[in-house]
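Given next are the chains, with one letter for each unit.
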Amino acid sequence: MSPKPFTLDSVLSYRKRQESVAQEKFVLAELAVSKASEMLAKEERDLQLLIHKLEKEQEAGIFAMDLARYQNRIEVGRAEVIRLQKILEEKRDIAVKKRRRLLEKAKEHKVLKTLKEQQNQSWREYLDKKEAAMLDEIAILHHDRNSS
């Protein structure tokens, strides 16, 4: 029985495709994290500008209705910051999961590639032994002819 009953090429190419898909998904997840982070940073800057503007207005004197409007906008901005922070955390969690999946797929591919190399090495050794046995047999037959 030969040590190379089947090839791993189709399995290996399938695993490589899975690794590529996992890599794509991870990259998309990382892009979503960076976009969410940018949106959060922009909202935080806008909120800080609004608070700073309110402070300047208060120093100069502000009407009660304008003060109430500023406070409402600040509350809405804070709620938006909290919402964006939650979204960012969710996106980070997703990216971590995608990263783990990518590492898992890369590891599976590497293991199969190593297995294929070991299988090919065993096959080469098997063929070398068969060839050596055949050459020994030929040498014995040739020696028997010459001695007869």
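Residues numbered from 1 in each chain as written. Predicted model: local features only at pLDDT ≥ 70, side-chain atom pairs only at ≥ 80, totals over all residues. Heavy atoms only, no water.

> Tell me about the overall build of the protein chain, and please be specific about residues and values.
Scanning the protein chain from terminus to terminus reveals two helices and zero strands. Considering only C-alpha atoms, the protein chain reaches an extent of 125 × 20 × 15 Å along its principal axes. A buried classification covers 18% of the 148 residues belonging to the protein chain. The contacts in the protein chain between residues at least 6 apart in sequence include a share of 87% that link residues at least 24 apart. With the model as given, the accessible surface of the protein chain reaches about 11800 Å², and the carbon-plus-sulfur share is 56%. (Helix = DSSP H or I, 4+ residues; strand = E, 2+ residues; numbered from the N terminus. Buried < 20%, exposed > 50% of the residue type's maximum accessible area, 1.4 Å probe, protein only. Contact = heavy atoms within 4.5 Å. Areas by Shrake-Rupley, 256 points an atom, 1.4 Å probe, with all protein chains shown as cover.)

> Break down a nonpolar patch on the surface for me, with residues and values.
A cluster of nonpolar residues, V27, L28 and L31, forms a patch on the protein surface that exposes about 290 Å² of accessible area. In this structure V27 comes out as partly exposed when scored by relative accessible area, which is 43%. (Patch = residues over 30% accessible without salt bridge, like charges linked within 9 Å, V, L, I, M, F, W, Y side chains within 5 Å. Salt bridge = Lys/Arg side-chain N within 4 Å of Asp/Glu carboxyl O.)

> Report on the pattern of salt bridges, specifying residues and quantitative values.
This model, assessed by the stated rule, comprises nine salt bridges. Here E108 makes a salt bridge to R15, at a shortest N to O gap of 2.6 Å. In this pair, E108 is assigned in helix α2 (residues 64-147) and R15 in helix α1 (residues 9-60), connecting sequence segments 93 residues apart. Judged by its relative accessible area of 24%, E108 falls in the partly exposed class. Note that E108 is salt-bridged to K105, the shortest N-O span being 3.6 Å. A residue pair is termed a helical-turn pair when its members lie 3 or 4 positions apart in one helix, as E108 and K105 do in helix α2 at three residues. Given the relative accessible area of 7%, K105 is considered buried. One continuous salt-bridge network, built from bridges that share partners, spans R15, K105 and E108.

> Outline the nonpolar core, supporting the account with residue identities and numerical values.
As a rule of thumb, nonpolar side chains are buried together in soluble globular proteins. Counting residues in hydrophobic clusters, the biggest one holds 14 residues, and the most contacted among them are L40, L47, I74 and L88. Contributions of two or more residues to this core are made by α1 and α2. Broken down by element, this core gets its largest block of residues, eight residues, from α1. With residues up to four places along the chain from it excluded, the contact list for L40 reads V81, L84, Q85 and L88. (Core = buried A, V, L, I, M, F, W, Y, C linked by side-chain atoms within 4.5 Å.)

> Quick one: what's the story with the packing of aromatic side chains, residue by residue and with numbers?
Applying the stated criterion across every chain, the model contains one aromatic pair. Taking 5.5 Å as the distance between ring centres and 25° as the angle between the ring planes, the aromatic pair formed by W123 and Y126 counts as stacked. Placement of the pair is W123 and Y126 together in helix α2, with a separation of three residues, close to one helical turn. Here W123 falls in the partly exposed class, since its relative accessible area comes to 24%. Since its relative accessible area comes to 25%, Y126 is described here as partly exposed. (Phe/Tyr/Trp six-rings, centres within 6.5 Å; stacked < 30°, edge-to-face > 60°.)

> Kindly report on α1, identifying the contributing residues and their values.
Helix length check: α1, at 52 residues, gives a terminal C-alpha distance of 76 Å against a target of 76 Å (1.5 Å per residue), a fit within 8%. Of the residues flanking the end of α1, it is G61, one or two places downstream, whose phi is positive at about 105°. (Expected span 1.5 Å × (residues − 1).)

> Describe in detail the environment of E43, supporting the description with residues and values.
Looking at where E43 falls in the secondary structure, it is placed in helix α1. Separated by 38 residues in the primary sequence, E43 and V81 place their C-alpha atoms 6.3 Å from one another. When residues no more than four places from it in sequence are discounted, the contact partners of E43 are G77, E80, V81 and L84.

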